[in-house]
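In case you want the letters, here they are:
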Amino acid sequence: MTKLDARLHAHRSDLADISLAGKVDAERFVEPRLMQVVEPLVTVHKAQRSDAMQLTQALFGETVKLFEEEEGWAWIQLTKDGYVGYVNGNALTPNIVAPTHRVAVPSTFMYPDASLKTLPAIPLTLNAQVTVTGESGIYSRLSNGRFVFTAHLKQMDDVESDFAAVAEMFRHVPYYWGGKSIHGLDCSGLVQLSLEACGKRALRDSDMQEATMGERLMVNDLDSLRRGDLVFWDGHVGIMTDEKTLLHANGHHMMVVAEPLKDAVDRIAARYGQLTSIRRL
């Protein structure tokens, strides 16, 4: 059998996606059920434990394929980027509502009424998907009966034009392994989140992004870079905001920073290794 990346293919020794029949060994194969995320921000874990590593996050309104639910844990695959992991089953519903709008700002709130004074105010983050069913003054009524400030929403096909500008909104956001929101994110999460706001799909991890995105540039030519180029190391990625400045979420600063590319190259080389590639989208 061909070895498939378990991050992107739902297969275990005891259970696998029916679409993988004949491609992987498993005791049984199942047809997944489509579910929708109803919590604002959901951790996708590596294992069925609350203290297991966070692999990525699922955002409000996105859909997932559900393969198994056991003792409150759901084994799922995100439909947007194909990532596989475990989430709290209470975060999902089988009642799928097609989204009409996306959150177009780093963070906003859902209110129980069309008033900023009402509680509880539930946070939503960039790229969360909602279904607008009506208007009440400056607020949009959602299909779940809550309200969001209309100016913080855009229709699903109304996308941004500059993903580097989206990424720049996240300066000083704390570094958070597996995160992809204003509350914390990692290097590849920043890239994926920013591109998604521009209507462009990207895989989740930096090695996946390096292998699938853009045109490879000369790695030893750092004088001809431009805004939007992606710079890769083994296990790390950053975004050029101009010909000399790198924006990246990193564990050295433990937040998203913009710094001279040369400083990052020298520091990372001393501890982790040289640049592996530069990609132009």
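Residues numbered from 1 in each chain as written. Predicted model: local features only at pLDDT ≥ 70, side-chain atom pairs only at ≥ 80, totals over all residues. Heavy atoms only, no water.

(A) Quick peek at the pattern of salt bridges. Tallied over the full model, the rule gives 15 salt bridges. Among the ionic pairs, aspartate 205 bridges to arginine 7, the shortest N-O distance being 2.9 Å. Highlighted residues: aspartate 205 in the loop between helix 2 (187–197) and helix 3 (206–212) and arginine 7 in the segment before strand 1 (16–17), separated in sequence by 198 residues. Arginine 12 is the salt-bridge partner of glutamate 68, the closest N and O atoms lying 2.9 Å from each other. Placement of the pair is glutamate 68 in strand 6 (residues 63–70) and arginine 12 in the segment before strand 1, with a sequence separation of 56 residues. With respect to class, glutamate 68 is no different from arginine 12; both count as buried. Bridged by salt links that share partners, the residues Asp5, Arg7, Asp205 and Asp207 form one connected network. (Salt bridge = Lys/Arg side-chain N within 4 Å of Asp/Glu carboxyl O. Helix = DSSP H or I, 4+ residues; strand = E, 2+ residues; numbered from the N terminus. Buried < 20%, exposed > 50% of the residue type's maximum accessible area, 1.4 Å probe, protein only.)

(B) Structural view of the nonpolar core. Within the largest apolar cluster, 26 residues are counted, with the highest numbers of intra-cluster contacts made by Phe170, Leu185, Leu190, Leu230, Ile239 and Val256. At the level of secondary structure, the elements contributing two or more residues to this core comprise helix 1 (163–168), helix 2, strand 21 (230–233), strand 22 (236–240) and strand 23 (245–250). At six residues, the largest contribution of residues to this core is made by helix 2. Apart from the residues lying within four places of it in its own chain, the contact partners of valine 256 are Phe170, Arg171, His172, Val173, Leu185, Leu190, Leu247, His248 and Ala249. Counting 16 residues, the second largest nonpolar core, distinct from the first, contains Met35, Ile76, Tyr83 and Leu92. (Core = buried A, V, L, I, M, F, W, Y, C linked by side-chain atoms within 4.5 Å. Contact = heavy atoms within 4.5 Å.)

(C) Broad picture of the side chain of threonine 125. One can find threonine 125 in strand 12 (residues 122–125). Apart from the residues lying within four places of it in its own chain, the contact partners of threonine 125 are Leu41, Leu59, Val103, Val105, Pro106, Ser107, Ser181, Ile182 and His183.

(D) Just the environment of serine 115, in detail. Here serine 115 lies in the loop between strand 11 (107–110) and strand 12. In the structure, serine 115 is positioned 58 residues away from glutamine 57 in sequence and 29 Å away in space, judged by C-alpha atoms.

That's the geometry; what it means functionally is another story.
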